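# Descriptive analysis of the structure
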There are 2 protein chains.
Amino acid sequence: MEDYRQMWSDIGVNLEAHDGLLEVLPPLFGDVIVSQENRPARMAYFDSFFAEIHGRRIWELVQEQKQGKKVVGSFCTYVPEEILMALGASSVGLCGGAEVAPEAVDQYLPHNTCALIRSSLGFKLGRVCPYFETSDLVIGETTCDGKKKYYEILGEMANVYVMELPQKKGEPDRLFWRDEVRRLIDRVEELTGEKLDVEKLRQAVKVVNDKRRALLRLAEVRKSSPPVISGKDALLINQIAFLDEPRRFTNKVNELCDELEQRAGAGKGVAGADAPRILMSGCPMAIPNWKLPHIVETSGATVVMEELCTGSRYYRNLVDESDVDLDALVDSVADRYLEIDCAVFTPNEERAENIVRMASEYAVDGVIYYSLMFCTPYGVESYKVKKAVEASGVPFLYVETDYSQGDTQQISTRVQAFLEMIKAG
Amino acid sequence: MEDYRQMWSDIGVNLEAHDGLLEVLPPLFGDVIVSQENRPARMAYFDSFFAEIHGRRIWELVQEQKQGKKVVGSFCTYVPEEILMALGASSVGLCGGAEVAPEAVDQYLPHNTCALIRSSLGFKLGRVCPYFETSDLVIGETTCDGKKKYYEILGEMANVYVMELPQKKGEPDRLFWRDEVRRLIDRVEELTGEKLDVEKLRQAVKVVNDKRRALLRLAEVRKSSPPVISGKDALLINQIAFLDEPRRFTNKVNELCDELEQRAGAGKGVAGADAPRILMSGCPMAIPNWKLPHIVETSGATVVMEELCTGSRYYRNLVDESDVDLDALVDSVADRYLEIDCAVFTPNEERAENIVRMASEYAVDGVIYYSLMFCTPYGVESYKVKKAVEASGVPFLYVETDYSQGDTQQISTRVQAFLEMIKAG
């Protein structure tokens, strides 16, 4: 640990404030993640990754930078990591899962801004996110109003480039977005000094597709009953997907899947086959935001799928690998990202359809809809999703919350009542 | 009045609920607007328009419909009314300034959705907005997250078409928006059965430019000291701009300006020259939302300019009338709308610059920033505006509120303290 202090200090981390964070995270991780029963043995890698989340992984990135590589931070599944990787940059998701420096944040953002955005600014103002501090460039996107306007403020303290996402998915939008991805290529080429070619991009597409294929394999084995892995463990893996070196991560997920498939064959689960199966749907859950899955799983249910940005929205779609020329491959990358069914699009009927389909495929007993407080796109879209889910005969619970613990008891009570209703039904 | 009841019933208004609204509006108008001292005589027209806001004006629109014309409702300054007018449709702004049927709205929208959107849905669910009920088509726009997602719900109960606004203002955005305006033309041609040509559009551009020129003339005379018209009266006129027949409205504004210019020449004001002059900046104020200007003006200050959608954002920019071919003129119309400096754009530095410039031109003593509660774009943008305004030496007050009256006393206290500070400074 002592080695890292110099590194953190060198990259600009506020050591004192960061020490405070390091006092809180490990015990939280122990209580919420490590203490679970019947965990797969191969979760050990992800536990150790978490233990070194601000240490070893940052050290690796700093080594890459010393060799001339660049680190690019982002906040959203819409930033095409294939492009970053092909141009020699390492892509990392930035911190945003815990309340940090709220009084400082109040100087910049209204109190009723979503917790993820307030958290992100808090990490930056407090200088306690080493991923942020190592980033040579931060890529934002015009997804929701909150992030779009937050990036203007962030631009005062970091090197920020904002991609413009369209708001519909018609042909004009597709063409606009393909051009926007090309503008990103220009910007990243400028950053890394490399020039994109088809071989680099094909390789990167393969690596990222492999990562998503591993997560799809993990998703597939979770259809088994009894569930072979907890929702909290699966979420942790999906969270780490935004941080870890992709090839190593893919190997580790596949090794875990070997174990889980054996478990499934042997009928060995983390919970009984009678535990209610839950689909968690909605907003991203950034590390260490395990609040709602923890409530659900300590109430006797198991989350068997995450319809979240830190979940299926990240890995559901692959890039078509068959393209042999650069232009076609760039278009395929762009098109893959435009398929993501985030609530910021209008209309976004496919999201409700995907949720209903997943609820059936995963034989879930209920959908719990997670809306970050003040997240307007997911909040308003819950009306359509609720209607579609209930029409398919699946119970639905809407939960709106933030990163505070003040409502934990109240949410627990609602979740328990929901599970009682499921069991009674 | 009896005549109108049949008409309201015919167009689908819920008479009983509407009666409730009619019991509340006139006394509110009397207290807030009519009771003001030293009002210009020519406000009589706008008072009478308001008295017949759901009567005579709706009757006119219904007569037009009987002759085959169409009525198009919209919510936002980004919907190009020149296009609607040129294609033979009457354009009206839809209701959204009062809390209506909140329990019914709760079935569709999260409680922390902005009051304007909740109000709009309440008016529709309660069937108490005759402008909504007469609309043959409703045009939404992808400005903010709240409206964008609300239109999906509204689409279940009305004929809704959503224009896609870009989120930046670069060249790709301009081209995209020009095409989007052409897609609107297709849709409105389909609605009215008319075909756009350059003469029709030139005429409409002239009519709408004339309307905006009249409002610019009104804005200009408000630079005088003492102020020749109250902010509440000016706001009322700006609100009526979205509803009235445009040629008549223009004449009436110009007649009023004749009177106001005489007043200015004679040094006759609605308040003393020592009353603090306030620039009101931020979100739209739909009828009958006069809450904040009423607090400000009953606290001894005068609002001398509205940097609002129901204010300068509506009339600041004109369409270039010099174009002689249809394509160029359509582009000019599109470009004029893209100049609007709404907080939904990123970056939007020109808005802060415009506010600082206006604060100087109108010799204001303070800027009061009005953010509708849960309006993320205006809420977050207040940080940049505050910084720019205070750097220019002008005091700044941020007020976040909704349509309830519960916070009136608290806001009054803050406004009075702000005005005391101004007087002391």
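The structure this text deals with has already been given above.
Residues numbered from 1 in each chain as written. Chains lettered and ligands numbered in written order. Predicted model: local features only at pLDDT ≥ 70, side-chain atom pairs only at ≥ 80, totals over all residues. Heavy atoms only, no water.

## Some words on the pairing of strand E6 (residues 302-307) of chain A
Residue and element names in this part refer to chain A.
- For E6, the buried fraction is high: six of the six residues fall into the buried class.
- Relative to E6, strand E5 (residues 277-282) runs parallel, the two being bridged by five bridges. The residue of E6 that forms the bridge with isoleucine 278 is valine 303.
- What joins E5 to E6 is helix H14 (residues 291-297), and the crossover it makes is right-handed. (Buried < 20%, exposed > 50% of the residue type's maximum accessible area, 1.4 Å probe, protein only. Helix = DSSP H or I, 4+ residues; strand = E, 2+ residues; numbered from the N terminus. Pairing = 2+ DSSP bridges. Right-handed = clockwise from strand over helix to strand, strands pointing away.)

## Section: the interface of chain B and chain A
- Contacts between the two partners involve 45 residues from chain B and, on the opposite side, 46 residues from chain A.
- Across the chain B/chain A interface, buried area totals approximately 3800 Å², and carbon plus sulfur atoms make up 50% of it.
- Here chain B is connected to chain A by six salt bridges.
- Close ionic contact of lysine 387 of chain A with glutamate 156 of chain B constitutes a salt bridge, the shortest N to O distance being 2.9 Å.
- The set of elements that each furnish at least two residues to the side of chain B that touches chain A consists of helix H9 (145-154), helix H10 (171-192), helix H18 (376-391) and strand E8 (396-401) of chain B.
- The leading source of residues in the side of chain B that touches chain A is H18 of chain B, at eight residues.
- Classifying every residue of the side of chain B that touches chain A by side-chain character gives 21 nonpolar, eleven polar and 13 charged. (Contact = heavy atoms within 4.5 Å. Buried area = accessible area lost by both parts, 1.4 Å probe. Salt bridge = Lys/Arg side-chain N within 4 Å of Asp/Glu carboxyl O. Nonpolar A, V, L, I, M, F, W, Y, C, P; charged D, E, K, R; others polar.)

## Re the relation of the copies chain B and chain A
- Overlaying chain B with chain A gives an RMSD of 0.0 Å, the required rotation being 180 degrees about an axis along which the chain moves by 0.0 Å. In short, the pair behaves as if placed about a two-fold rotation axis. Relative to the rotation axis, the closest C-alpha in chain B is found at aspartate 145 of chain B, a distance of 3.1 Å.
- A high fraction, 100%, of the interface residues of chain B reappear at the interface in chain A, so the copies pair face to face through one surface. (Least-squares fit on C-alpha atoms with pLDDT ≥ 70 in both.)

## Here's the deal with helix H4 (residues 56-66) of chain A
- Those residues of H4 of chain A not exposed but buried are Arg57, Ile58, Glu60, Leu61, Val62 and Glu64 of chain A.
- Of the residues flanking the end of H4 of chain A, it is glycine 68 of chain A, one or two places downstream, whose phi is positive at about 95 degrees.

## What to know about the packing of aromatic side chains
All names here are of chain A.
- Overall, the coordinates contain 32 aromatic pairs over all chains when judged by the stated rule.
- Chaining the aromatic ring pairs together yields one cluster made of Phe75, Phe132, Tyr150 and Tyr151.
- Positioned above the aromatic ring of tyrosine 362 is the side chain of lysine 223, whose terminal nitrogen or guanidinium carbon lies 5.4 Å from the ring centre. (Phe/Tyr/Trp six-rings, centres within 6.5 Å; stacked < 30°, edge-to-face > 60°. Lys NZ or Arg CZ within 6 Å of the ring centre and 35° of its normal.)

## Here we look at the packing of helix H7 (residues 115-126) of chain A against helix H9 (residues 145-154) of chain A
Residue and element names in this part refer to chain A.
- Following both chains from N to C, one finds H7 and H9 inclined at 15 degrees, their axes separated by 10 Å at the closest point. In this view, H7 runs roughly parallel relative to H9, as classed from their interaxial angle. Crossing of H7 over H9 shows right-handed handedness. Counting all contacts with H7, which are made through Ile117, Ser120, Leu121 and Lys124, the residues of H9 involved are Gly146, Lys147, Tyr150 and Leu154.
- Along the lines of polarity and charge, the residues of the contact of H7 with H9 split into four nonpolar, two polar and two charged. (Axes fitted to C-alpha atoms, helices over the stretch in contact; angles between N-to-C directions. Parallel < 35°, antiparallel > 145°, perpendicular 65-115°, else oblique. Left-handed = near helix turned anticlockwise from the far one by under 90°.)

## Regarding the sheet that holds strand E4 (residues 160-163) of chain B
All names here are of chain B.
- The strand order E2-E1-E3-E4 describes an open sheet built from four strands, whose pairing is parallel. Two strands in the sheet have a free side with no partner beyond their single neighbour: strand E2 (89-93) and E4. Averaged over neighbouring strand pairs, the angle between their axes works out to 30 degrees when direction is ignored.
- Two strands pair when backbone bridges link them, and strand E1 (residues 70-74) and E2 are joined in this way by five bridges, in the parallel orientation.

## Quick word on the side chain of serine 312 of chain B
Residue and element names in this part refer to chain B.
- The topology assignment puts serine 312 in helix H15 (residues 312-315).
- Taking relative accessible area as the criterion, serine 312 reaches 3% and is therefore assigned buried.
- Apart from residues no more than four positions distant in its own chain, serine 312 is found in contact with Met305, Glu306, Glu307 and Met358.

## Quick look at the state of the cysteines
- The final tally for this structure, using the stated rule, is two disulfides over all chains.
- Covalent S-S linkage joins cysteine 95 of chain A and cysteine 129 of chain A, the inter-sulfur distance amounting to 2.4 Å. Torsion about the S-S bond of the cysteine 95 of chain A and cysteine 129 of chain A cystine: about 75 degrees, corresponding to right-handed handedness. Of this pair, cysteine 95 of chain A sits in the loop between strand E2 (89-93) and helix H6 (102-106) while cysteine 129 of chain A is found in the loop between H7 and helix H8 (130-134), placing the two residues 34 residues apart along the sequence.
- Residue class for cysteine 129 of chain A comes out buried when judged on its relative accessible area of 0%.
- The thiol sulfur of cysteine 76 of chain B is not disulfide-bonded, and the nearest other cysteine sulfur, from cysteine 342 of chain B, lies at 6.4 Å. (Disulfide = S-S within 2.5 Å.)

## Quick word on the nonpolar core
- Counting residues in hydrophobic clusters, the biggest one holds 145 residues, and the most contacted among them are Phe46, Tyr131, Leu218, Ile237 and Leu292 of chain B.
- Take this core: its biggest share by element is eight residues, from helix H11 (residues 198-221) of chain B.
- The residues touching isoleucine 237 of chain B, leaving out its near neighbours within four places in the chain, are Met43, Phe46, Leu215, Leu218, Ile229, Phe249, Val253 and Leu256 of chain B.
- The next biggest cluster of nonpolar side chains, apart from the first, holds 144 residues, and it includes Phe29, Leu236, Val303 and Val367 of chain A. (Core = buried A, V, L, I, M, F, W, Y, C linked by side-chain atoms within 4.5 Å.)

## What to know about the sheet that holds strand E7 (residues 366-372) of chain A
Residue and element names in this part refer to chain A.
- Across the sheet, four strands lie side by side as E6-E5-E7-E8; this open sheet has parallel pairing. On the outer flanks of this sheet lie E6 and strand E8 (396-401), each paired with one strand and no other. Strand-to-strand twist of the sheet, defined as the mean angle between neighbouring strand axes without regard to direction, takes the value 25 degrees.

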